[in-house]
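So the chains spell out like this:
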Amino acid sequence: MRLLVLGALETGLLAAARARGLFVIAVDPDASAPGFRLAQRRAILPLDDEPALERLVEAGHVDGVLGTDSPTTAVAARIAARFGLPHPLSPEAAVLVSSRLRQRTKLAEACIPQTRWAVLRGDAEATFPCVVGPLDRKGRRLAEEARAGAEVTVTAISRAGAFEPLLGSGAPAELARRAAQALGIRDGLTSTRLRLGVDGLRVASLRAHVSARETELCRLLLGVDVHGLALDAAFGLSRSAEDVRFGSADAQVA
């Protein structure tokens with residue numbers, strides 16, 4: 001199986017792919033990216049150059065495409081759709097995951113409780129302590145409530161719409177499930193950051209990739225191979241966390 005990985009700065013996923021015997025083509029604009037040493041082929045390209053990436057898919061006879069952060073996840077989903085390759089996210093869901101403003105808007109439409117946010121135009125300022133993002137093409141800036149109070153992160157895997165929490169349970173896991181559902185996420189990994197304040201539990205952000213810290217916690221606390229779940233999803237495989245525990249007889253299937 002041949003896998004195109006967009007981003008070679010993190011080595012964990014690439015090492016897991018190599019351990020499974022996958023043929024990995026890694027892409028990164030940085031020629032010194034540490035993940036390149038773990039790939040069979042490397043391509044030094046901008047990660048948003050989709051025409052060049054598509055040529056790479058064709059030439060490399062790729063079976064799956066995987067992004068390593070929110071922007072590259074959206075690119076991977078679009079490329080997979082164009083070539084009829086499996087991918088855990090639809091292009092539409094991937095756009096919502098990669099755009100903070102679109103994600104906020106969609107969650108609001110679904111009446112999902114969120115931390116405070118506002119769209120600023122011109123010289124307008126937010127009325128609450130916040131972090132303000134850069135201008136977009138329409139001259140808007142997204143202001144999001146500054147981090148304050150207790151937070152919890154729910155790490156989960158979805159399979160055909162069934163939401164399986166790995167880290168997190170109870171009310172936080174249920175709110176994370178509702179958020180993933182609202183964004184159209186039916187398959188793959190999610191990491192949902194939630195904040196608990198005087199107004200209750202609220203969504204701060206949702207990503208379709210998992211941090212190195214979460215991956216390590218899943219390994220230490222649960223014995224679950226999160227990289228294995230990500231690789232499964234890239235090839236359209238649907239296995240539970242139980243099937244990819246370290247030491248499981250099925251853990252190396254790809």
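Computed from a predicted model, the values in this text were never measured in an experiment.

Procedures and definitions
- Residues numbered from 1 in each chain as written.
- Predicted model: local features only at pLDDT ≥ 70, side-chain atom pairs only at ≥ 80, totals over all residues.
- Heavy atoms only, no water.
- Helix = DSSP H or I, 4+ residues; strand = E, 2+ residues; numbered from the N terminus.
- Buried < 20%, exposed > 50% of the residue type's maximum accessible area, 1.4 Å probe, protein only.
- Contact = heavy atoms within 4.5 Å.
- Salt bridge = Lys/Arg side-chain N within 4 Å of Asp/Glu carboxyl O.
- Pairing = 2+ DSSP bridges.
- Axes fitted to C-alpha atoms, helices over the stretch in contact; angles between N-to-C directions.
- Parallel < 35°, antiparallel > 145°, perpendicular 65-115°, else oblique.
- Left-handed = near helix turned anticlockwise from the far one by under 90°.
- Nonpolar A, V, L, I, M, F, W, Y, C, P; charged D, E, K, R; others polar.

J.: It is not clear to me how the side chain of T215 should be interpreted in this structure. Could you clarify?
T.: Summarising the element assignment, T215 is placed in helix α7 (residues 212–222). Relative accessible area serves as the criterion here: at 11%, T215 is assigned to the buried category. Excluding residues that lie within four positions of it along the chain, T215 makes contacts with V210, V226 and H227.

J.: Help me out: how do you make sense of the pattern of salt bridges in this one?
T.: Between side chains of opposite charge, pairing is possible as soon as their charged atoms come close. As enumerated under the stated definition, the model contains 17 salt bridges in all. The salt bridge involving E145 is made with R116; its shortest N-O contact spans 3.3 Å. Placement of E145 in strand β7 (residues 140–145) and of R116 in the loop between α5 (100–109) and β5 (117–121) is noted, with a sequence separation of 29 residues between them. Measuring nitrogen to oxygen at the nearest pair gives 2.9 Å for the salt bridge that ties E214 to R207. What makes R207 partly exposed here is its relative accessible area of 27%. One connected set of salt bridges, linked through shared partners, spans R116, E145, R147, E151, R193 and R195.

J.: Would you take a moment to explain the sheet that holds strand β2 (residues 23–27) for this structure?
T.: Two strands in a sheet stick together by hydrogen bonds in their backbones, pointing the same way (parallel) or opposite ways (antiparallel). Across the sheet, four strands lie side by side as β3-β2-β1-β4; this open sheet has parallel pairing. Each having just a single partner strand, β3 (41–43) and β4 (64–67) make up the two edges of the open sheet. Strand-to-strand twist of the sheet, defined as the mean angle between neighbouring strand axes without regard to direction, takes the value 20°. The pairing of strand β1 (residues 2–6) with β4 spans four bridges and is parallel. Bridge assignment links L3 to a residue of β4, and that residue is G64. Strands β1 and β4 of the sheet are contacted by helix α3 (residues 70–83), whose axis makes an angle of about 160° with β4. Helix-sheet contacts for helix α8 (residues 226–234) involve β1 and β4, and the interaxial angle to β4 is about 135°.

J.: Sorry, what's going on with the packing of helix α2 (residues 50–60) against α3 here?
T.: Two quantities define a packed helix pair, namely the angle between the axes and the distance from one axis to the other. Running from amino to carboxyl end, α2 crosses α3 at an angle of 50°, the nearest separation of the two axes being 11 Å. Here α2 lies oblique to α3, going by the angle between them. Crossing of α2 against α3: the hand is right-handed. Residues E50, L53, E54, V57 and E58 of α2 lie in contact with α3, whose contacting residues are V75, R78, I79, R82 and F83. The class makeup of the residues in the contact of α2 with α3 is five nonpolar, no polar and five charged.

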